Amino acid sequence: MNNIIFDKNLKPVPESKPVLKVRDLNVAFNIPLGQAKILEGVSFDLFPKEILALVGETGSGKSVTARSIVNLIPSRSRETHGHVLFAKKDLLSMSNKDLQRIRGNRISMVFQNPQSSINPVFTLGEQIYRLIRLYLSAEIEDLKQKTRCSRKQAIEIIAKEKLNEVGLTDIKRTLKLYANEISGGMAQRYRIAMTLISSPEILIADEATSALDVTVQAHILKLMKELCKNKQTAILFITHDLGIAAQTCDRVAVMYAGRIVEIAETKMIFSNPLHPYTRGLLKAVPKLGKNESLSFVPGIIPDLVNPPSGCRFHSRCIHAMDICSRQKPKNLTIEDNHDVSCFLYKQ
Ligand code: SF4
């Protein structure tokens with residue numbers, strides 16, 4: 001067992017209905033060398049109030065999965081099949097106009113480079129005031145009545161409260177700044193403040209805390225957990241950091257070369273990893289106080305223009321058998337809410 005610190009409040013898989021169902025998602029890019037099959041048969045559920053981690057090496061398909069859900073991948077050179085079911089609709093077959101109404105509203109995104117998702121032509125103040133007018137009209141009226149202030153003043157007070165909540169200081173000055181005038185840490189806090197205002201049903205956080213220093217990172221993670229607990233938001237949390245996944249997420253889905261190879265409650269993944277790739281990833285996590293050389297998964301992610309036949313992990317797997325290069329392993333439920341895709345388990 002690694003020296004991973006778990007959040008004691010991790011929730012078991014909820015019994016409620018999923019807020020998002022991803023089914024058999026396949027994404028391929030047409031590139032000069034051929035067609036790269038980036039995602040193959042990705043399926044999972046996301047439940048209200050849960051944080052689901054998508055983990056795996058760079059190139060495993062985590063970000064493409066996240067961006068495909070809200071159709072944020074340029075379509076010219078892409079082929080997508082499968083279903084992404086949200087609010088009884090398939091997001092993959094929705095028009096861009098309808099999707100735009102959902103994006104940033106019912107499904108919000110926070111990426112590693114938050115500046116890119118802040119409008120560069122308006123000040124931070126103009127953007128947050130607009131959002132408050134849109135989502136918090138009841139709070140504005142309430143505040144007006146309680147303090148006898150004007151509507152404009154009420155909006156400014158709420159904006160200051162929200163920015164304070166995410167730990168931003170010198171707010172009067174901050175509200176006058178543009179996206180290119182703030183640091184990455186400030187921009188990420190500002191994006192989270194915007195998310196707190198719109199209270200989306202789903203938040204997709206793609207390496208959202210990776211570029212931040214540890215103190216800011218801890219604060220942002222705390223805010224995300226509060227959002228999940230208080231506003232019922234479900235969070236799809238993409239990270240390459242298993243320590244953060246253990247501390248933050250209720251369930252973990254492990255991706256390898258465009259497939260989900262194992263998915264389970266967080267404690268299950270760390271205490272009883274079943275897939276050889278998951279075991280390899282966990283062995284690569286440094287252990288506190290132990291002077292051991294780090295283990296790693298030998299080899300690299302395969303070429304996805306010509307992906308390996310059968311199990312995509314077979315060329316790196318120390319348990320590979322004949323069948324592994326001939327057939328694709330099916331997804332099996334081994335124990336409660338613990339699925340794995342591997343021939344080591346009865347197919
Ligand atoms: Fe290894 Fe075979 Fe399992 Fe793939 S299916 S992980 S190659 S044992």
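Heads up: the structure comes first, above all this text.
Residues numbered from 1 in each chain as written. Predicted model: local features only at pLDDT ≥ 70, side-chain atom pairs only at ≥ 80, totals over all residues. Heavy atoms only, no water.

Undergrad: Break down the sheet that holds strand E2 (residues 34-46) for me, citing the residues and quoting the values.
TA: As summarised here, the arrangement of the four strands in space is E2-E1-E4-E5, forming an open sheet in which the pairing is antiparallel. Looking at the sheet topology across the chains shown, the edges are occupied by E2 and strand E5 (89-90). Direction of pairing for strand E4 (residues 78-86) relative to E5: antiparallel, over a ladder of two bridges. The residue bridging Phe 86 from the neighbouring strand is Lys 89, located in E5. Contacting strand E1 (20-31), E2 and E4, helix H1 (residues 62-69) crosses the sheet at an angle of about 70° to E2. (Pairing = 2+ DSSP bridges. Helix = DSSP H or I, 4+ residues; strand = E, 2+ residues; numbered from the N terminus. Contact = heavy atoms within 4.5 Å. Axes fitted to C-alpha atoms, helices over the stretch in contact; angles between N-to-C directions.)

Undergrad: Give a description of the environment of Leu 227 that names residues and reports values.
TA: Topologically, Leu 227 is positioned in helix H8 (residues 214-231). Judged by its relative accessible area of 3%, Leu 227 is buried. The sequence separation of Leu 227 and Ser 199 amounts to 28 residues, and the corresponding C-alpha distance is 7.5 Å. Beyond its immediate sequence surroundings of up to four residues, Leu 227 is in contact with Thr 195, Leu 196, Leu 203, Gln 232 and Thr 233. (Buried < 20%, exposed > 50% of the residue type's maximum accessible area, 1.4 Å probe, protein only.)

Undergrad: How would you summarise the nonpolar core if you had to cite specific residues and measurements?
TA: Ile 69, Ile 128 and Ile 204 are the most contacted members of the largest nonpolar core, which totals 107 residues. Excluding its chain neighbours within four sequence positions, the residues that come into contact with Ile 128 are Ala 159, Leu 163, Leu 175, Tyr 190, Met 194 and Ile 197. Counting residues in hydrophobic clusters, the runner-up holds five residues, among them Leu 274, Leu 332, Cys 342 and Tyr 345. (Core = buried A, V, L, I, M, F, W, Y, C linked by side-chain atoms within 4.5 Å.)

So far we have only geometry, and geometry alone does not tell us how the molecule works.
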